[in-house]
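The residues making up each chain are set out below.
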Amino acid sequence: MSLIFACVDIPPEPWVKAIKAEIPDLTIHLWPDVDNPEKVEFALLWGKWDANLNRFPELSALLSLGAGVDHILTLENRPPNIPIIRLGDPALRTGMVEYVLYNVLKFHRRFPEYEEQQEKSLWIERSQTMPYKRTVGIMGLGSLGSACAKTLVGLGFDVIGWSRRKKTINKVGCFYGEQGLGLFLARSEIVVCLLPLTNETRGILNTTNMQKLPAGAFIINAARGGHLIEGDLLALLESEHIAGAALDVFETEPLPANNPLWSHSKVTVTPHVAALVDFDSAATVIAETIRRSREGRPLLNVVDPVRGY
Ligand code: NAP
Ligand code: GLV
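Here's a quick rundown of the structure.

## Let's talk about the packing of helix α3 (residues 90–108) against helix α5 (residues 143–154)
Describing two packed helices takes the angle between their axes plus the distance from one axis to the other.
1) Next: The N-to-C vectors of α3 and α5 enclose an angle of 50°; their axes lie 9 Å apart at closest approach. Put simply, α3 runs oblique to α5. Remark: the crossing between α3 and α5 carries right-handed chirality. Contacts from Leu-92, Arg-93, Met-96, Val-97, Val-100, Leu-101 and Val-104 in α3 reach Ser-143, Leu-144, Ala-147, Cys-148, Thr-151 and Leu-152 in α5.
2) Next: Taken together, the residues of the contact of α3 with α5 break down into ten nonpolar, two polar and one charged.

Below, the structure is given as structure tokens:
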């Protein structure tokens with residue numbers, strides 16, 4: 001039994017070490033070096049690449065090295081009918097909650113304005129809003145979105161969320177479906193995108209939808225660059241309908257040096273680091289998938305390829 005590690009730009013050594021510590025008898029090949037392709041049962045995948053997985057006739061699961069699986073669903077020549085597993089690593093929730101909380105608090109407590117003032121040595125006290133009077137809208141109430149929503153509720157924010165299906169989360173105003181989107185956006189003073197990238201969600205942060213946000217709203221996109229139309233955001237920042245944005249993900253990554261978002265005074269850019277995987281906790285989750293598959297037990301975190309997440 002073996003696994004092929006096929007992750008673009010990810011140094012394999014710590015992963016091999018962490019997974020082998022969990023399952024010592026698992027052979028791990030590094031793409032493209034495989035002696036016995038017919039023995040490969042698992043593929044651990046990340047990033048955009050053009051490798052042909054049909055080389056491995058015995059593949060029994062395609063594992064994502066992240067929560068997102070858009071990179072697997074868009075693979076050319078993806079072998080059909082093989083379960084795709086998203087990484088259900090609790091460490092991702094920890095990282096995402098920290099990233100979202102940091103940026104929500106930054107906007108809520110007007111830190112961009114204080115930073116601007118400091119550059120000009122200006123001592124100006126600005127008004128403060130109580131968290132219960134600040135509405136934070138979370139797009140996507142899955143593993144990451146619901147963890148962020150619950151943390152913000154714990155801090156006293158007025159939290160609302162939007163998902164595909166109807167949900168109930170304590171103290172979170174839950175909206176769902178196309179019919180719920182407009183109402184959700186109209187209330188979101190700070191909107192956080194934590195949706196998977198699918199045919200339905202691509203480009204969802206566009207002019208029409210961002211105009212539905214209250215004037216002076218803030219955008220936090222920690223999901224995928226494909227959710228946000230960058231040109232639409234730039235225009236709405238220019239018109240001051242949007243007051244600022246924290247962006248961790250971009251249509252093109254790495255973000256090209258000449259992209260205007262880099263130098264925009266109202267935009268904070270981070271290099272797709274909102275929630276990084278932790279070797280040890282991710283290896284435990286990956287090993288559990290392999291064990292379940294070996295033992296014929298039901299797999300967890302299986303993606304629906306039609307739904308796209
Ligand atoms: P998840 O558990 O699969 O949750 C997805 C949520 O989005 C669900 O609530 C789902 O609704 C909702 N959704 C999907 N399609 C929708 C639609 N058409 N309309 C409305 N709601 C929709 O995903 P997750 O683990 O929270 O991760 C979310 C995304 O975060 C990942 O796909 C990945 O792209 C991104 N991510 C980024 C980083 C980073 O470092 N920047 C790290 C990890 C993940 P239902 O509840 O009704 O199904
Ligand atoms: C990171 O972007 C992930 O999908 O885990």
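## Considering the site of ligand 1
1) Next: The environment of ligand 1 is made up of 29 residues, and the closest members are Arg-86, Ser-143, Leu-144, Arg-165 and Tyr-309.
2) Next: Here an oxygen atom of ligand 1 and a backbone polar atom of Leu-141 are 2.9 Å apart.
3) Next: Arg-164 places a polar main-chain atom, nitrogen or oxygen, 2.9 Å from a nitrogen atom of ligand 1.
4) Next: In isolation ligand 1 has 940 Å² of accessible area, and contact with the protein removes 93% of it.
5) Next: Listed by contribution, the elements that provide at least two residues to the shell around ligand 1 are α5 and β7 (158–163).
6) Next: For the shell around ligand 1, a count of residues per class yields 14 nonpolar, eight polar and seven charged.

## Re the site of ligand 2
1) Next: Taken together, the neighbourhood of ligand 2 is formed by Trp-46, Gly-66, Ala-67, Gly-68, Arg-224 and His-272.
2) Next: For ligand 2, an oxygen atom lies 2.8 Å from a polar atom in the side chain of Arg-224.
3) Next: Interatomic distance of 2.6 Å between a side-chain N/O atom of His-272 and an oxygen atom of ligand 2.
4) Next: For ligand 2, whose unbound accessible area comes to 190 Å², protein coverage reaches 86%.
5) Next: Its residues assigned to classes, the shell around ligand 2 shows two nonpolar, three polar and one charged.

## Concerning the sheet that holds strand β1 (residues 2–7)
1) Next: Sheet architecture is open: five strands sit in the order β2-β1-β3-β4-β5, paired in parallel fashion. Looking at strand neighbours, the two that pair on one side only are β2 (27–30) and β5 (84–85), the edges of this open sheet.
2) Next: Where strand β3 (residues 40–46) meets strand β4 (residues 61–64), four bridges bridge the pair, whose relative direction is parallel. Bridge pairing in β4 links Ala-43 to Leu-62.
3) Next: Helix α1 (residues 13–22) rests against β1, β2 and β3 of the sheet, and its axis sits at about 165° to β2.
4) Next: Together, β1, β3, β4 and β5 form the strand contacts of helix α9 (residues 279–295), whose direction differs from that of β3 by roughly 155°.

## A few points about the side chain of Arg-292
1) Next: Mapped onto the elements, Arg-292 comes out in helix α9.
2) Next: Among all residues touching Arg-292, those that are not within four sequence positions of it are Arg-297, Pro-298, Leu-299 and Leu-300.

## Thoughts on helix α6 (residues 177–187)
1) Next: If you check which residues of α6 are buried, you get Gly-177, Gly-180, Leu-181, Phe-184 and Leu-185. End-on view of α6: buried residues confined to an arc of 135°, all on one side of the axis. The outward face of α6, more than 90 degrees from its buried face, is lined by the exposed residues Gln-179 and Leu-183.

## Describing the nonpolar core
1) Next: In this structure, Leu-44, Met-96, Val-100, Val-104, Ile-138, Leu-194 and Ile-286 are the most contacted members of the largest nonpolar core, which totals 50 residues.
2) Next: With seven residues, the single largest contributor to this core is α3.
3) Next: In terms of nonpolar packing, the next biggest core, distinct from the first, is built from 29 residues, Leu-205, Leu-233, Leu-236 and Val-269 among them.

## Concerning the pattern of salt bridges
1) Next: Inspection of every chain in the model, using the stated rule, returns 14 salt bridges.
2) Next: Glu-288 is the partner of Arg-292 in a salt bridge, and the nearest nitrogen-oxygen pair spans 2.9 Å. One end of the pair, Arg-292, and the other, Glu-288, are both in helix α9, four residues apart, so they sit about a helical turn from each other.
3) Next: By relative accessible area, which is 16% here, Arg-292 ends up buried.
4) Next: Salt bridges here are not isolated pairs; linked through shared partners, they connect Glu-22, Glu-288, Arg-291, Arg-292, Glu-295 and Arg-297.

## Concerning unusual backbone geometry
A negative phi angle is the norm for most residues apart from glycine, just as the trans form is the norm for most peptide bonds.
1) Next: Cis geometry marks the peptide bond from Trp-31 to Pro-32, where omega comes out at 10°.
2) Next: By secondary structure assignment, the location of Pro-32 is in the loop between β2 and β3.
3) Next: Cis geometry is found at the peptide bond from Glu-253 to Pro-254, where omega equals -10°.
4) Next: Tracing the backbone through its elements, the reader meets Pro-254 in the loop between β11 (242–247) and β12 (267–269).
5) Next: Its identity is not glycine, yet Ser-121 carries a phi of approximately 50°, on the positive side.
6) Next: Note that Ser-121 resides in the loop between α4 (111–119) and β6 (135–139).

So, how was this worked out
Residues numbered from 1 in each chain as written. Chains lettered and ligands numbered in written order. Predicted model: local features only at pLDDT ≥ 70, side-chain atom pairs only at ≥ 80, totals over all residues. Heavy atoms only, no water. Axes fitted to C-alpha atoms, helices over the stretch in contact; angles between N-to-C directions. Helix = DSSP H or I, 4+ residues; strand = E, 2+ residues; numbered from the N terminus. Parallel < 35°, antiparallel > 145°, perpendicular 65-115°, else oblique. Left-handed = near helix turned anticlockwise from the far one by under 90°. Contact = heavy atoms within 4.5 Å. Nonpolar A, V, L, I, M, F, W, Y, C, P; charged D, E, K, R; others polar. Near = heavy atom within 4 Å. Polar contact = N/O pair within 3.5 Å; in protein donor to acceptor, adjacent residues only side chain to side chain. Areas by Shrake-Rupley, 256 points an atom, 1.4 Å probe, with all protein chains shown as cover. Pairing = 2+ DSSP bridges. Buried < 20%, exposed > 50% of the residue type's maximum accessible area, 1.4 Å probe, protein only. Arc of directions from axis to C-beta. Core = buried A, V, L, I, M, F, W, Y, C linked by side-chain atoms within 4.5 Å. Salt bridge = Lys/Arg side-chain N within 4 Å of Asp/Glu carboxyl O.

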